[in-house]
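# Coordinate analysis (summary)
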Amino acid sequence: MAIEQVEVTDFFHRHKPFSDLAEQELSQLASGIEIAYYKAGSPILTFGQDNNQWFVIRSGAVEVFRRDGELYNRLGEGNFFGELAIMRNRPVRFPVVALEDTLVYLIDAETFNNLFDSNEQFADFVEVEDRSRLRDSNADRKENDSLLTAKVEKLIGQLPLILPPNTTVQEAAVRMTEEGVSSVLISNDQLSVNDDADDEELVIGIVTDVDIRSRLVAQGLKLSSPVTDIMTSQLTSVQSHQYVFEAMMLMLKHKVTHLPVLKKSQPIGLISHQDILRYESQNSLFVVKSIFNALNVDELAALKGEVQTCFSRMVHEDANSQMIGSAMAVIGRSFKQRLLELAEQEFGPPPIPYCFLALGSMARDEQLIVTDQDNALVLDNRFDPQIHDEYFDALANFVCDGLDRCGYTYCKGGIMATNKKWRQPLKVWEQYFSQWIDKPTPETLLNSAIFFDLDGVWGKKVWADSLNRLIRKKAYKNARFLACLARNALLRTPPLGFFKDFVMETDGRQTNSINMKRRGTAPIADLIRVHALSVGAKGRNSFARLQGVIESKILPPGRGADLRDALEFIAMVRIRHQAFDIDMQRVPDNDIEPEYLSDFERKNLKDAFQILSDAQKFMKYRYQPGRHL
């Protein structure tokens, strides 16, 4: 054995995971080693670089950085790096720079993969341990995404200008000019910002430059008018601890350009859409703007390509599933809202008030590029079919036909406002939900899994809030209903066989694939919904619901965090598959073929499905008929 190979072997004997390898494995590994030297301060791996080598530090030290330049880790003799790019078959996400003069052993990707596949102990050491590698995989994506790591408080440049409601518009304009700001908050003059009051009591409105132009000057009002005459009330606000991405989604959802920033109940700043531009995923804002600028259905339908491009870009920029699902849901709501505007232009104003509902993944902010439309109409209790239904039938058909043209295909189950059953007065919807919970049947349990995720997107949206409160109130600790709902949720199981191998689909055209919605994200969402209803959690998004469930402490220790990581990983496998289909100019779907996944993805996917399987077993135990909750 050459002297150099002996030195390499001796080195490996002193460091894990090499010290656990058989002598034959060590000898083969040492014989193929290459050596590289890097001077202090020189780059070893750069962001976005293709990498086909595993680096083991022989001497010296390196620094590993996050994408934004923040220090992530320091590594020294015996440590290694570069394995994630090889296992994921993706470009480098964590740049590496030599901290000192550094000597490294280079192991080629083929040798690494062969050792990884053949030696389970080696693979486990490299990946750390089963549960943490799922968490690390998801954390990598979150840390690379400035939208999800930047807090709103970072955007605040100065304290907000706050004036009492008896201030005149002229006085407000003078103060705005003196302060160099484009907006001012109006506070309750009976309270101070130090009072212990709810934010909606303390901040009662906002006035912007646009309000002064459009509501004062254009309307010919006097400069002595109080600011309350032109202010916008019913404010949408954001808490300082929330993320920049959440602020962007609020602006898009409520179509506002300014957000008061609160710390608990006290206003500490004002941010505008201009403040967010440098953080946001620009395509989503541009698509929404294009939607509301569209003059007809033809122009809306022409935006399908832009929606796919937006989706694909977010995936390639390493956005996580919450960001992507929320952005796509905002885009979907925007299509609905613009179609409803066009419908009212076509058919005239509605004869009675109504609320258009989004259901399912759109309501949960978990919508992806492959989706059908689930929607419904809540009508005023004065609804008379003989007088009013012709209008709402025409409106529902206009919107649903338009959504289909825009890429949101018709629901095969008929869960659409075009179906008279799902176009009913508020009192009928209240009866529906009460009956479904009080007297569950197989059919109504299926309805519950769809309609219990609802969000008002147009019209009297307070009715949607009322229905959500009714659902929470009646389902909370309702042992019989929850047992039935849990049993129904267990009908969809993860695709794992007895020996933890993947079980492929046996129906339809895809016979060698796994439907990641039907066998992955959907059963997790169903499971989380049951737990959330049992503890009265208010969130609609699965991650928000799960946080409420975790805080209620009904799950065994650590199970909630495991379930969160499993949902994120399964969702991202589904998302990346759809983005790949788009990139390859194929029609995207939910069906993945495991043989095309990397070893890293297959191992983690099996772990995630096992977590789901364990969670379903716990749910089956917890919600047994007659068991006290």
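Reference entry: report on the structure contained in this document. (Residues numbered from 1 in each chain as written. Predicted model: local features only at pLDDT ≥ 70, side-chain atom pairs only at ≥ 80, totals over all residues. Heavy atoms only, no water.)

### What to know about the sheet that holds strand β11 (residues 203–208)
Spatial ordering of the open sheet is given by β9-β10-β11, a layout of three strands whose pairing is mixed. Bordering the open sheet on either side are β9 (162–163) and β11, each of which pairs with just one other strand. With two bridges joining them, β9 and strand β10 (residues 183–187) adopt parallel strand pairing. Residue pairing in the sheet places Leu 163 in a bridge with Ile 186 of β10. (Pairing = 2+ DSSP bridges. Helix = DSSP H or I, 4+ residues; strand = E, 2+ residues; numbered from the N terminus.)

### Topic: helix α10 (residues 209–217)
For α10, the set of buried residues is Asp 211, Ile 212 and Leu 216. An end-on view of α10 places all buried positions within 100° of arc, on one side of the element. (Buried < 20%, exposed > 50% of the residue type's maximum accessible area, 1.4 Å probe, protein only. Arc of directions from axis to C-beta.)

### A word on the nonpolar core
If you look at the biggest cluster of nonpolar residues, it comprises 64 residues, and the most contacted ones within it are Trp 429, Phe 433, Phe 451, Phe 481 and Leu 605. Per-element accounting of this core gives the leading share, eight residues, to helix α25 (residues 599–622). Look past the residues within four positions of Trp 429 in its chain and what remains in contact with it is Ala 376, Leu 377, Val 378, Trp 422, Arg 423, Gln 424, Phe 451 and Leu 467. In terms of nonpolar packing, the next biggest core, distinct from the first, is built from 55 residues, Val 297, Leu 339, Val 399 and Ile 582 among them. (Core = buried A, V, L, I, M, F, W, Y, C linked by side-chain atoms within 4.5 Å. Contact = heavy atoms within 4.5 Å.)

### Concerning the pattern of salt bridges
Per the counting criterion, the structure on display carries 22 salt bridges. A salt bridge links Glu 601 to Arg 576, with the nearest nitrogen and oxygen atoms 3.2 Å apart. Here Arg 576 lies in helix α24 (residues 559–583) and Glu 601 lies in helix α25, a separation of 25 residues in the sequence. Each member of the pair, Glu 601 as well as Arg 576, is classed as buried. In the salt-bridge network here, residues are joined through shared partners; they are Arg 364, Glu 366, Asp 453, Arg 492, Asp 526, Arg 529 and Arg 545. (Salt bridge = Lys/Arg side-chain N within 4 Å of Asp/Glu carboxyl O.)

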